[in-house]
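Residue-level structure breakdown
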Number of protein chains: 4
Amino acid sequence: MPMNDQDIKRFSGVIPPVIIPLKGDRSLDREAFEKSINRMIDGGVTGLFFLGSSGEVVFLTDEQRLEVLETAIEIVKGRVPVLVGVIDMETMRVIEQAKRISDLPIDALVATAPFYALGGPHENERHFRQIREHTDLPLFAYDLPVSVHTKLDPEMLLRLGKDGVIQGVKDSSGDDVQFRWLVLENEDAGHPLQLLTGHEVVVDGALLGGADGSVPGLANIDPHAYVEQWNAAQAGDWKKVSKIQDHLARLMMMTRKVTATVGFGAGVGAFKTALWQMGVFNTNQMREPVQALQGEDVRSIVHVLRAEGMVPTDSMINFDWDC
Amino acid sequence: MPMNDQDIKRFSGVIPPVIIPLKGDRSLDREAFEKSINRMIDGGVTGLFFLGSSGEVVFLTDEQRLEVLETAIEIVKGRVPVLVGVIDMETMRVIEQAKRISDLPIDALVATAPFYALGGPHENERHFRQIREHTDLPLFAYDLPVSVHTKLDPEMLLRLGKDGVIQGVKDSSGDDVQFRWLVLENEDAGHPLQLLTGHEVVVDGALLGGADGSVPGLANIDPHAYVEQWNAAQAGDWKKVSKIQDHLARLMMMTRKVTATVGFGAGVGAFKTALWQMGVFNTNQMREPVQALQGEDVRSIVHVLRAEGMVPTDSMINFDWDC
Amino acid sequence: MPMNDQDIKRFSGVIPPVIIPLKGDRSLDREAFEKSINRMIDGGVTGLFFLGSSGEVVFLTDEQRLEVLETAIEIVKGRVPVLVGVIDMETMRVIEQAKRISDLPIDALVATAPFYALGGPHENERHFRQIREHTDLPLFAYDLPVSVHTKLDPEMLLRLGKDGVIQGVKDSSGDDVQFRWLVLENEDAGHPLQLLTGHEVVVDGALLGGADGSVPGLANIDPHAYVEQWNAAQAGDWKKVSKIQDHLARLMMMTRKVTATVGFGAGVGAFKTALWQMGVFNTNQMREPVQALQGEDVRSIVHVLRAEGMVPTDSMINFDWDC
Amino acid sequence: MPMNDQDIKRFSGVIPPVIIPLKGDRSLDREAFEKSINRMIDGGVTGLFFLGSSGEVVFLTDEQRLEVLETAIEIVKGRVPVLVGVIDMETMRVIEQAKRISDLPIDALVATAPFYALGGPHENERHFRQIREHTDLPLFAYDLPVSVHTKLDPEMLLRLGKDGVIQGVKDSSGDDVQFRWLVLENEDAGHPLQLLTGHEVVVDGALLGGADGSVPGLANIDPHAYVEQWNAAQAGDWKKVSKIQDHLARLMMMTRKVTATVGFGAGVGAFKTALWQMGVFNTNQMREPVQALQGEDVRSIVHVLRAEGMVPTDSMINFDWDC
């Protein structure tokens, strides 16, 4: 059993999936990376998740993944637990990703269901069991049907939890009914799993329903608010939890104003643009083949930031990078 | 503008979509219908929604729809507002359904997006505007992509609300992010819409987030719990709201144990089976071409009912109808 | 068994789903309807399918359906077999649609799987068996997942064929693999089913693979070409079959140039616009809530018609109706 | 422009995506690999496609990919052109896959749209243009929405063809309408693209419609039949083309009898089982996390093989590997 009780408690609260700042030439911007990580840790986040979907994991070559991760570990310096995505298409490639980083001081691995080749429930379950055979770290199952086109079955997740194969779930499925059932049955089974929601616009409902924490991409923009929300939830002040969520939900509207593209380029593209306009990032550059947002899209994101007090209401809008 | 402020307040709280009891020969069981409706009204529900998806609307001939509705109105006797589904494939057929019941004392109409023929946003918007031209009753848009394969756009809903075309939304989309955004923007616009969630397993989160009420099929089984939850929410006792939701979420597990079929036959089939085993209905009969649940499916539903205190733990299981 | 060998042979060849001409006020344009029907019969089509998806069936009230069908029968005057769609949401409503027209001289009924309420394979099979109990006419199963969101299982179709429940299939699923398997297994079983393809852009491949005929919406525009293609296939002149298909495929491109809307309004909207520009229809009017195509969309459709010789290359473009 | 006229002609005919034989320990079975490759080349195939979806590409670590490819090249010894899949999630990873094999004597690369991270048309187009910047080999776009959940737009493909970015398309989309349009517009543009269909059950229709060849997984089982079909098509003997297709369609039924799993494990699992029962492979072993088919699934596959004359009708069924 790779995780003890103390371990488990570490994986709760607010664990942002870290967005990666780039220079204009699409290389890692170490200075901005440090600024952003420190800002989140200073804001009180309880962990950081690197090489997740928002962390550009599938856009990076293996060498680039290593560069991001080693830089991240250097910056974090053990201040909070580090979770790392080992995202790849099928089992042996995921295991290879895990082996590649096995010498690094990381705290947990995060793996999705297999994707590209269609499979069924047997393959999904064997996939996680095989990964467990090849690593001693706590393992989180990442439920992300929008990317892998498979919804992880709650009964399978619970079985994997009871058997010590996985230690938690990052649920970005958007299926709040299945999540609620998983929370209830996880309790009945003695809480073998840490259940974290990635459904960042309705974290209040998830916490009220018993989630152990959240993994919100939006926490890169406003880590303080998510931390304050978590503390309010611990204190039972649900009115405050919900009020903070309203602010965060409004902030999230920045992603739906984007007109230039859809999906990752609109979502993470808006987050990068916000961090750039807030002075945390030096650019809103994206990885190939995605292009940085421009013009009206930048303007509409700034309007959201102003309305939610994230930049001064009379702030200048940057349309070009200074780097 | 077909709805005044007082009207609006009427459409809040708990408004179950009413499940229809049948005799063995698939005809309406008036006695059980009365028992079930009275049980919900006595339980404190604030309205009843007839001829919705759970109310078998698409299984009924037009004549059968009228029979159900006239019987319902007789039984309700004005004790609570009556909302009525005018579900049909395209605009002129929906308007025809509305005209057919225009002489009856009903309080609001409920219409989905057009379906079967594929369309786009222009058609969806024109559809609701055309319906408004032909009726004076408050109109609810029913957002049910699982049945009509179109998600109603929140911006369109808000525009229709501001223009007095619709007075509310029954959101059964399962898309809690869009619902949250709609709640926020509805507030900004002065609350033109009553926003009711049909997402019955996570009503607690919806209420915390500002929903005006719920339309839970499961309230046919335990109306008292949903009403108590609503009252707790009004009182700001969110711990209680959530605890009641846990009970309701566990009760809802009855639908996922069903093995004989999927979809309507499993969901409403389980609800009918529960009401039968609880003595409210005399059978768990379904409309053609759906078959009533039997054997092991009945047994597993009773186990859920027992665990949640809906039948005595030593209750007998009925496997055949007495009618 | 409701169909004898001679009957079966009648349902082969080219059976267009008939597009309905409207006046500017959206009422049936009897004159244009007659012109279009005669044009198809004179072109050699072997049957006509009324009240199908392209025939606006779901847009019409029941009274309007009857008006269209009675007018059609009067015009056709028995010159070719008349197939009629009894499209509605669930079994009893479909049966009601069939009863409503049971006194009319029609040759076959066409029914889809149930829709709106989700079901499984048991419900689909029982649906067709129940319809058979209530009618003596030949019955075609209409496989149209794009509208009803269920793909009909070939093994079920074959079983229904062997049992005399259905006499044929109109396959508009776009799933050519399943269709090929159905053709082969239908042969093995002694050809209980007439298998018609609605996949109008690749009818050549379907005929080469053994289809008994086609039901192409595009045959409203160029009935002569589809008939010539059918005759060439009967004569084994596959080069000609394919060359005609190339022309028809190019003609079909008119539907993908449409920018104003999607789905029915673009597809049938383009067909109506073509028939209007060719002088067969007097308008390109659509049923509510769909709007007629205008401006650039009309222009791009005329360009396709000119390129394929359906209108003179120097033809005037109509942008307004003369009615 | 990386491909001349002579090159183009090389990529036509029958180019099977090669299935990989494994030993019981899941390592590459070189002996069986040689037997299977030689059997296909002797059968007259005009090229071989390695590291495609059927070739387990997403299951292999990068090292294993190299092992498979180097072994393949050794065996093929230049007898036919070698196409190689460079399947990975996003642009830079695909380019990395291409660089890794840039010293090997291969004839063309095959790349899908990006996957996992959602994108739009701009990203898809830029993806292929970026890959072109980093390689001089002929490049095929692999249209496989079932795996990557994006359908490649025919207009984009044609534009990429005209610009010399891609030299061909392997169309496994199952969308025969779009394919037909692409064939026609490719002709109009002077045939910049070699258009190969992967729709193995209806290759006859695709060839009749103008496809330049096929990439059928089933050709691993019966290469001779596909080659004979191609030759008959070249000779204009469409009756024969279709008759051979009937045999191949019946052979393909082996994949739909599988009960143990779905997707890759059923499809490629059935092909491996067939090759094992036919004595070409020594096992039907699969890569993790997929399990080899067993018992009844093996039996039903053998029944299909017997019926289609691929094994003697009195052949023994192997249920265990001899290795």
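All residue numbers refer to positions counted from 1 along the written sequence of the respective chain. To read the labels, note that chains go from A and ligands from 1, taken in the order they are written. Where totals are concerned, whole chains, interfaces and linings use all residues; where local detail is concerned, this predicted model gives features only for residues with pLDDT of at least 70, and gives and counts side-chain atom pairs only at 80 or more. Calculation of side-chain values draws on the structure's entire complement of heavy atoms; hydrogens and water are dropped beforehand.

Topic: the overall build of chain A
Basically, it comes down to this: Under the scheme used here, helices are H or I runs from DSSP no shorter than 4 residues and strands are E runs no shorter than 2 residues, and both carry numbers assigned from the N terminus. The reference for a compact globule is 2.2 Å times residues^0.38; the radius of gyration itself is calculated from the C-alpha atoms. The rule is simple: take the accessible area with a 1.4 Å probe, protein chains only, and divide by the maximum for that residue type; under 20% is buried, over 50% is exposed, in between is partly exposed. In what follows, a contact means two residues having at least one pair of non-hydrogen atoms within 4.5 Å. Only the protein chains shown count as cover for residues, and all accessible areas are computed by the Shrake-Rupley method using a 1.4 Å probe.
Across its full length, chain A carries 13 helices and eight strands. Taking 2.2 N^0.38 as the reference for a compact globule, 323 residues should give roughly 20 Å; the C-alpha atoms of chain A span a radius of gyration of 19 Å, in line with that estimate. Taken along its principal axes, the extent of the C-alpha atoms in chain A is 55 × 45 × 35 Å. For chain A, the proportion of its 323 residues judged to be buried stands at 68%. Excluding contacts between residues fewer than 6 apart, the proportion of contacts in chain A whose partners are at least 24 apart in sequence is 71%. Surface exposure of chain A reaches about 11000 Å², of which carbon and sulfur atoms provide 48%.

Concerning the arrangement of the chains
If you take every C-alpha in chain A and every C-alpha in chain C, the smallest gap between them is 18 Å, and the two do not touch. Chain B shows no contact with chain D. Their nearest C-alpha atoms sit 18 Å apart.

Notes on the interface of chain D and chain A
How we decide: Here the quantity called buried area is the accessible surface, traced with a 1.4 Å probe, that two parts lose on coming together, added over both. A pair is scored as a salt bridge if a Lys or Arg side-chain nitrogen falls within 4 Å of a carboxyl oxygen belonging to Asp or Glu. The term polar contact refers here to a pair of N or O atoms within 3.5 Å; inside protein, the definition further demands a hydrogen-donor-capable atom paired with an acceptor-capable atom, and it admits residues adjacent in sequence only when both atoms are side-chain atoms. Each residue is assigned to one of three groups, with Ala, Val, Leu, Ile, Met, Phe, Trp, Tyr, Cys and Pro labelled nonpolar, Asp, Glu, Lys and Arg labelled charged, and all others, Gly among them, labelled polar.
With 44 residues of chain D in contact, the opposing surface of chain A contributes 44 residues. Summing both partners gives a buried area of about 3800 Å² for chain D against chain A, and 59% of it is carried by carbon and sulfur. Among the residues of chain D in contact with chain A, Arg 93, Tyr 116 and Pro 289 of chain D are the three that bury the most area, contributing 22% of the side total. Counting across the chain D and chain A interface gives six salt bridges. Residue Asp 62 of chain A is joined to Arg 93 of chain D by a salt bridge in which the shortest nitrogen-to-oxygen separation is 2.9 Å. Summed over the shared surface of chain D and chain A, the result is 19 residue pairs in polar contact (both at pLDDT 80 or more). Those elements giving two or more residues to the side of chain D that touches chain A turn out to be helix 3 (62-76), helix 4 (91-100), helix 5 (121-133) and helix 6 (145-148) of chain D. Grouping the constituent residues of the side of chain D that touches chain A by class yields 19 nonpolar, 15 polar and 10 charged.

So, the pattern of salt bridges
Tallied over the full model, the rule gives 84 salt bridges over all chains. Taking the shortest distance from any N to any O, the salt bridge between Arg 129 of chain A and Asp 163 of chain A comes out at 2.9 Å. Of this pair, Arg 129 of chain A sits in helix 5 (residues 121-133) while Asp 163 of chain A sits in the loop between helix 7 (154-162) and strand 6 (168-171), placing them 34 residues apart in sequence. Several salt bridges share partner residues, and in doing so they unite Asp 62, Asp 88, Arg 93 and Arg 100 of chain A together with Asp 62, Asp 88, Arg 93 and Arg 100 of chain D into one network.

Re the packing of helix 12 (residues 264-277) of chain B against helix 13 (residues 295-307) of chain B
Residue and element names in this part refer to chain B. So the rule is basically this: For helices, the fitted line uses only the C-alpha atoms of the stretch in contact; every axis is such a line through C-alpha atoms, and the angle between N-to-C directions lies from 0 to 180 degrees. To sort the angles, those under 35 degrees are grouped as roughly parallel, those over 145 as roughly antiparallel, those from 65 to 115 as roughly perpendicular, and the leftovers as oblique. A crossing counts as left-handed when the near helix is turned anticlockwise from the far one by less than a right angle, and as right-handed when that turn is clockwise.
In the contact formed by helix 12 and helix 13, the axes pass within 10 Å of each other and the chain directions differ by 65 degrees. Taken together, helix 12 and helix 13 sit at an angle that is classed as roughly perpendicular. Note on packing geometry: the crossing formed by helix 12 with helix 13 is right-handed. In this structure, helix 12 contributes Ala 270, Thr 273, Ala 274, Trp 276 and Gln 277 to the contact, and helix 13 contributes Val 298, Ile 301, Val 302 and Leu 305. Here the residues of the contact of helix 12 with helix 13 are counted per class, giving seven nonpolar, two polar and no charged.

A few points about the relation of the copies chain C and chain D
What counts, and what does not: Copy-to-copy superposition: least squares on the C-alpha atoms, limited to residues that have pLDDT of at least 70 in both copies.
It takes a turn of 180 degrees to lay chain C on chain D, together with a shift of 0.0 Å along the axis; the resulting RMSD is 0.0 Å. The two molecules are tied by a two-fold rotation axis, judged by turn and shift. Closest approach to the rotation axis within chain C is made by the C-alpha atom of Gly 205 of chain C, at a distance of 1.9 Å.

Thoughts on the relation of the copies chain D and chain A
Relative to chain A, chain D is turned by 180 degrees and slid 0.0 Å along the rotation axis, the superposed coordinates differing by an RMSD of 0.0 Å. By residue overlap, the copies meet face to face through one surface: 100% of the interface positions of chain D are interface positions in chain A.

Regarding helix 3 (residues 62-76) of chain B
We apply this condition: Helix span is expected to be 1.5 Å times the residue number reduced by one.
Across its 15 residues, helix 3 of chain B extends 21 Å between first and last C-alpha, which sits within 8% of the 21 Å expected from 1.5 Å per residue. Of the positions making up helix 3 of chain B, those classed as buried are Asp 62, Arg 65, Val 68, Leu 69, Thr 71, Ala 72, Ile 73, Ile 75 and Val 76 of chain B. Against the buried residues of helix 3 of chain B lie helix 2 (30-42), strand 2 (48-50), strand 3 (82-85) and helix 4 (91-100) of chain B together with helix 3 (62-76) and helix 4 (91-100) of chain C. Looking one or two places after helix 3 of chain B, you find Lys 77 of chain B, whose phi comes out positive at around 50 degrees.

Considering the interface of chain C and chain D
Taken together, the 26 residues of chain C in the interface contact 26 residues of chain D. Carbon and sulfur atoms make up 56% of the area that chain C and chain D hide from each other, which totals about 2600 Å². The largest share of the area that chain C buries against chain D comes from Arg 180, Trp 181 and Arg 256 of chain C, three residues that together contribute 27% of it. Counting across the interface, chain C meets chain D through eight salt bridges.

Side note on the sheet that holds strand 5 (residues 139-143) of chain D
All names here are of chain D. This is how the line gets drawn: Between any two strands, pairing holds if DSSP finds at least two bridges.
With parallel pairing, the eight strands of this open sheet are ordered in space as 1-8-7-6-5-4-3-2. Two strands close off the open sheet at either side, each with one partner strand: strand 1 (13-14) and strand 2 (48-50). Pairing between strand 6 (residues 168-171) and strand 7 (residues 194-197): four bridges, direction parallel. In the sheet register, Gly 168 faces strand 7, and the bridge partner there is Gln 194. In the packing of helix 8 (residues 176-188) onto the sheet, the strands contacted are strand 6 and strand 7, and the crossing angle to strand 7 comes to about 160 degrees.

Some thoughts on the packing of helix 10 (residues 223-234) of chain D against helix 11 (residues 238-252) of chain D
Residues and elements named next belong to chain D. Taken N-terminus to C-terminus, the directions of helix 10 and helix 11 make an angle of 160 degrees; their axes are 8 Å apart at the nearest point. By the angle between their directions, the pair helix 10 and helix 11 is classed as roughly antiparallel. Of the two elements, helix 10 crosses helix 11, and the hand of that crossing is left-handed. The segment helix 10 lies against helix 11, with Ala 225, Tyr 226, Glu 228, Gln 229, Ala 232 and Ala 233 engaging Trp 238, Lys 240, Val 241, Ile 244, Gln 245, His 247 and Leu 248. Within the contact of helix 10 with helix 11, the residues separate by chemical class into eight nonpolar, three polar and two charged.

Things to note about the confidence of the model for chain A
Operational definition: For every residue, the predictor states its confidence as a pLDDT score lying anywhere from 0 to 100.
Residues at a pLDDT of 70 or more form 97% of chain A, whose mean pLDDT is 96. Quick note on the complex model: pTM equals 0.96, ipTM equals 0.96.

Overview of the sheet that holds strand 6 of chain A
Residues and elements named next belong to chain A. Across the sheet, which stays open at both edges, the eight strands sit in the order 1-8-7-6-5-4-3-2 with parallel pairing between neighbours. The sheet is open, and its two edges are formed by strand 1 (13-14) and strand 2 (48-50), each paired on a single side. As paired elements, strand 1 and strand 8 (residues 213-214) share two bridges and run parallel to each other. Within the sheet, the bridge partner assigned to Gly 13 lies in strand 8 and is Gly 213. The strands touched by helix 3 (residues 62-76) within the sheet are strand 2 and strand 3 (82-85), with strand 2 carrying the most contacts at an inclination of about 160 degrees.

So, the environment of Pro 21 of chain B
All names here are of chain B. Here Pro 21 is to be found in the loop between strand 1 (13-14) and helix 2. Residue Pro 21 is classed as buried on the basis of its relative accessible area, which comes to 0%. Residues Pro 21 and Phe 33, 12 residues apart in the sequence, show an inter-C-alpha distance of 5.9 Å. For Pro 21, the contacting residues outside a window of four places in its chain are Ser 27, Leu 28, Asp 29, Ala 32, Phe 33 and Phe 281.

Here's the deal with the packing of aromatic side chains
For clarity, the cut-off: Working definition: rings of Phe, Tyr and Trp (its six-membered ring) pair if their centres are within 6.5 Å, and the pair is stacked with planes under 30 degrees apart, edge-to-face with planes over 60 apart, and tilted otherwise.
Enumeration over the complete set of coordinates arrives at 22 aromatic pairs over all chains. Ring geometry for Phe 49 of chain B and Tyr 142 of chain B: centres 5.8 Å apart, planes at 75 degrees, overall edge-to-face. With Phe 49 of chain B in strand 2 and Tyr 142 of chain B in strand 5 (residues 139-143), this residue pair connects regions lying 93 residues apart in the sequence. Its relative accessible area of 2% is what places Phe 49 of chain B among the buried residues. Look at Phe 11 of chain C and Phe 140 of chain C: their rings are 5.3 Å apart centre to centre, the planes differ by 70 degrees, and that puts the pair in the edge-to-face class. Of the two residues, Phe 11 of chain C is situated in the loop between helix 1 (5-10) and strand 1 (13-14) and Phe 140 of chain C in strand 5 (residues 139-143); the sequence distance between them amounts to 129 residues. The exposure class assigned to Phe 11 of chain C is buried, which follows from its relative accessible area of 0%. Given the relative accessible area of 1%, Phe 140 of chain C is considered buried. Taken together, Phe 115 and Tyr 116 of chain A together with Phe 115 and Tyr 116 of chain D form an aromatic cluster joined through their ring pairs.

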